[in-house]
Every structure is written in structure tokens, then in C-alpha cells.
Amino acid sequence: MQKVKKLPQRQCVGCRERKEKRELIRVVRSPEGGISLDFKGKKPGRGAYLCPDLECLKRARKSRALERALETAITPELYDELEREMVSGG
């Protein structure tokens, strides 16, 4: 009998749904304090996950869930930059 591999699950900070890790986009705060999108999931630093949907980013922005998850303040300009990156795909 073959062993079934468990797929890692993460929770979107926008819609609060649990999904497979590879379906979500990681937002990472680097050790230097910079915030960026991590499409590969390999960058070092503290991470939070979002669905690849602008509505989830807007919900996370409104509820400040992303700021709480990353334990840092996020400026409106940075949210706009994250939105542009999400639309362009990295």
C-alpha cells in the first residue's frame, strides 16, 4: 500500500479560508524589514498567506490582518505596490 503524502495547508489572512500552501501567495517581511510578495515561498523572513485574489488583499487591508500577521505597520503606498505586483504576477 502506498503512503499518501499530506499537503501543507495555510490560512488566507483575507478570507480566513484554509487552502493548500501552493495555491496561496506568501507575503514576507524580510529580516531587514522590507515587505514583498514571495511567489516561490522560499524567501527568508516572517510570512503571511493570501489568496491570489485582489478581494482578499482588500479585506486584509481593511481589517489590518496583514499588519498583525507580519507584526509591522504597512503604508498605503506599500499596499498599492503589493496590489500591482499581485496583478502583474511578480
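Structure: above.
Not measured: the values here are computed from a predicted model.

A. Structural context of the sheet that holds strand β4 (residues 35–38). Taken in spatial order, the three strands make up an open sheet running β4-β3-β5, and their pairing is antiparallel. Each edge of the open sheet is held by one strand with a lone partner, namely β4 and β5 (46–50). Each strand of the sheet is rotated relative to its neighbour by a mean of 30°, with strand direction disregarded. Along the sheet, helix α3 (residues 76–88) contacts β3 (25–29), β4 and β5; its crossing angle with β4, the most-contacted strand, is approximately 15°.

B. Region of interest: the side chain of E20. Position of E20 relative to the elements: it lies in strand β2 (residues 18–20). At 3.0 Å, the side chain of E20 and the side chain of R22 are in polar contact. Among residues more than four places away in sequence, those in contact with E20 are L7, P8 and Q9.

C. Summary view of unusual backbone geometry. Look at R64: it is not a glycine, yet its phi comes out positive at around 60°. Tracing the sequence through the fold places R64 in the loop between α1 (54–63) and α2 (65–70). Positioned with a positive phi, E71 is a non-glycine residue whose angle comes to about 55°. Position of E71 among the secondary structure elements: in the loop between α2 and α3.

D. Expanded view of the nonpolar core. If you look at the biggest cluster of nonpolar residues, it comprises 22 residues, and the most contacted ones within it are V27, L50 and L66. Looking at this core, the elements that each hand over two or more residues are β3, β4, β5, α1, α2 and α3. Per-element tally for this core: the top contributor is α3, with four residues.

Rules and cut-offs
Residue positions within a chain follow its written sequence, with the count starting from 1. The model is predicted, so local features are restricted to residues of pLDDT at least 70 and side-chain atom pairs to those at 80 or more, both for listing and for counting; the totals for chains, interfaces and linings are taken over all residues. Just so you know, side-chain values use all the structure's heavy atoms and leave hydrogens and water out. The pairing criterion for strands is at least two bridges between them, as found by DSSP. Comment: elements are numbered from the N terminus, with helices defined as DSSP H or I runs of at least four residues and strands as E runs of at least two. Axis lines are fitted to C-alpha atoms, over the contacting stretch for helices. Their N-to-C directions set the angle, which ranges from 0 to 180 degrees. Whether two residues are in contact is decided by their heavy atoms: any pair within 4.5 Å suffices. For the purposes of these results, a polar contact is taken to be a pair of N or O atoms within 3.5 Å, where, inside protein, one atom must be able to donate a hydrogen and its partner to accept one; residues adjacent in sequence count only when each atom of the pair is a side-chain atom. Definition of nonpolar core: a set of buried residues of the types Ala, Val, Leu, Ile, Met, Phe, Trp, Tyr and Cys, connected through side-chain atoms within 4.5 Å. Only protein chains enter the area calculation, which uses a 1.4 Å probe; residues under 20% of their type maximum are buried, those over 50% are exposed, and those in between are partly exposed.

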